[in-house]
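Given next are the chains, with one letter for each unit.
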Amino acid sequence: MRKPAVLVTGANGEVGYGLIENFNKQKLEMDVIALDIRKLEKGLRDKVSAAIVGDILDENLLQRLVSEYEIHAIYHLAALLSTRAEFTPDTAHRVNVDGTLNLLRLAHEQARWHGNPVKFLFPSSIAVYGLPSVGAKKETGRVREKQWNFPTTMYGCNKSYCEHLGRYYALHYRQLAADASPSGVDFRAIRFPGLISAMTLPSGGTSDYAAEMIHAAAQGNPYACFVSEEARIPFMVMPDAIKSLVDLAAAPADKLSQRVYNVSSFSLSAAELRDRVVKAFPDAKVTFEPDLPRARIVDTWPADVDDSPARSDWSWQPDFDADAAFDKYLVPAIRKRYADG
Ligand code: SER
């Protein structure tokens, strides 16, 4: 008999790393199938049941997967992030949209096959917002899910559209078919702020300056920040990001009043980040050399988000505010990481 499995795409990325560690600690009952375009990191390999190297655009590979495993949940993390996507927008669209459609289709086929809903967890992003000016950004403050949905990046457009695709699969799939029945895809999305991990560095994103700054300081390297001191967006540390995904996955379906949720924990300007980094690593050399086109993207993202629906529907509560994020997680864990080599 095929064992029930959880599929994690983009398993080698930052969120994948944290999620697989979490599944391992929780002693998840189901098999964990990791899929990534690159070979899974050594440290993760013995924490999954199978590590598959392959492309989410390869439909033959996906078909092979479903012939071997009975998939009950998909954490679809694979994506090209916002900076990288601006250099190759067509490829980004293929990976971020066509890839997501392939996985939604797979979820639907699996649900039909084993007769149970397939949970589909999707990391969306603050990049789905597009504030027209720094003035509007200041005036607006905390943005609710339905405000300012005018992304200015390919990545933001892709994430926004995939939120709609997921909602369509969950609620309206083939609504005109004579035998119309629910698709079985239980789509749930979280709009993440900039994520900071002590264990890994992001690649290809536009919120990467926060993680880059602190990791550079811990290694004794100078860092030239590519946004200005005033640039402000919400951030979250990786343990809270993983907690939000796992909590949303576990929430009873009848408690969810929407399919897409903001989550937030703290908001910092780049200068405030620098001050915290310098306090922890007094020799840190941080300068500001804004790369204007990239900095402009950050200016279109909200300074903070309103996450009250997540708090009331599934009791979302971050464990780390800015002080705890630095004092209890980032600084000790990053110090240890580089001291250990
Ligand atoms: N962190 C992402 C990026 O910078 C936004 O979701 O692209």
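All figures in this text were calculated on a predicted structure; none of them were measured in a lab.

Caption draft 1: Representation of the site of the ligand. Neighbouring residues of the ligand: Leu81, Ser82, Ser125, Tyr155, Gly205, Thr206, Ser207 and Trp301. Here an oxygen atom of the ligand and a side-chain polar atom of Tyr155 are 3.2 Å apart. Take Ser207: an N or O atom from its side chain is 2.9 Å from a nitrogen atom of the ligand. Because more than half of its atoms lie within 2 Å of the grid, the ligand is assigned to the largest pocket.

Caption draft 2: Representation of the nonpolar core within the structure. Counting residues in each nonpolar core, the largest one holds 120 residues, and the members touching the most others are Tyr75, Tyr209 and Trp314. What Tyr209 contacts, discounting residues up to four positions off in sequence, is Tyr223, Cys225, Phe226, Val227, Ala231, Ile233, Phe235, Ala270, Leu273 and Val298.

Caption draft 3: Representation of the packing of helix α8 (residues 208-218) against helix α13 (residues 322-339). The contact between α8 and α13 brings their axes to 9 Å, and the two run at 50°. With respect to each other, α8 and α13 are oriented oblique. Seen along the crossing, α8 lies across α13 with a hand that is right-handed. Contacts between α8 and α13 involve Ile214, His215 and Ala218 on the former and, on the latter, Phe326, Leu330, Ile334, Arg337 and Tyr338. Here the contact of α8 with α13 is composed, by residue class, of 6 nonpolar, 1 polar and 1 charged.

Caption draft 4: Expanded view of the sheet that holds strand β5 (residues 118-125). Taken together, the 7 strands give an open sheet; going across it, the order is β3-β2-β1-β4-β5-β7-β11, and neighbouring strands pair in parallel fashion. One side of each edge strand has no neighbouring strand; the edge strands of this open sheet are β3 (50-53) and β11 (260-262). Averaged over all adjacent pairs, the angle separating strand axes in this sheet is 20°, with direction ignored. Across 8 bridges, the pairing between β5 and strand β7 (residues 185-192) is parallel. Looking at β7, one finds that Lys119 is bridged to Asp186. Those strands touched by helix α5 (residues 89-114) are β1 (4-9), β4 (70-76), β5 and β7, and its axis lies near 155° from that of β4. Here helix α9 (residues 238-250) sits on the sheet and contacts β4, β5, β7 and β11; the angle it forms with β7, its principal contact strand, is near 155°.

Reading the values: rules and limits
Residues numbered from 1 in each chain as written. Predicted model: local features only at pLDDT ≥ 70, side-chain atom pairs only at ≥ 80, totals over all residues. Heavy atoms only, no water. Near = heavy atom within 4 Å. Polar contact = N/O pair within 3.5 Å; in protein donor to acceptor, adjacent residues only side chain to side chain. 1 Å grid on protein atoms, 1.4 Å probe; cavity = no way out; pocket = protein on both sides within 12 Å on 5 of 7 lines; lining within 4 Å. Sits in = over half its atoms within 2 Å of the grid points. Core = buried A, V, L, I, M, F, W, Y, C linked by side-chain atoms within 4.5 Å. Buried < 20%, exposed > 50% of the residue type's maximum accessible area, 1.4 Å probe, protein only. Contact = heavy atoms within 4.5 Å. Axes fitted to C-alpha atoms, helices over the stretch in contact; angles between N-to-C directions. Helix = DSSP H or I, 4+ residues; strand = E, 2+ residues; numbered from the N terminus. Parallel < 35°, antiparallel > 145°, perpendicular 65-115°, else oblique. Left-handed = near helix turned anticlockwise from the far one by under 90°. Nonpolar A, V, L, I, M, F, W, Y, C, P; charged D, E, K, R; others polar. Pairing = 2+ DSSP bridges.

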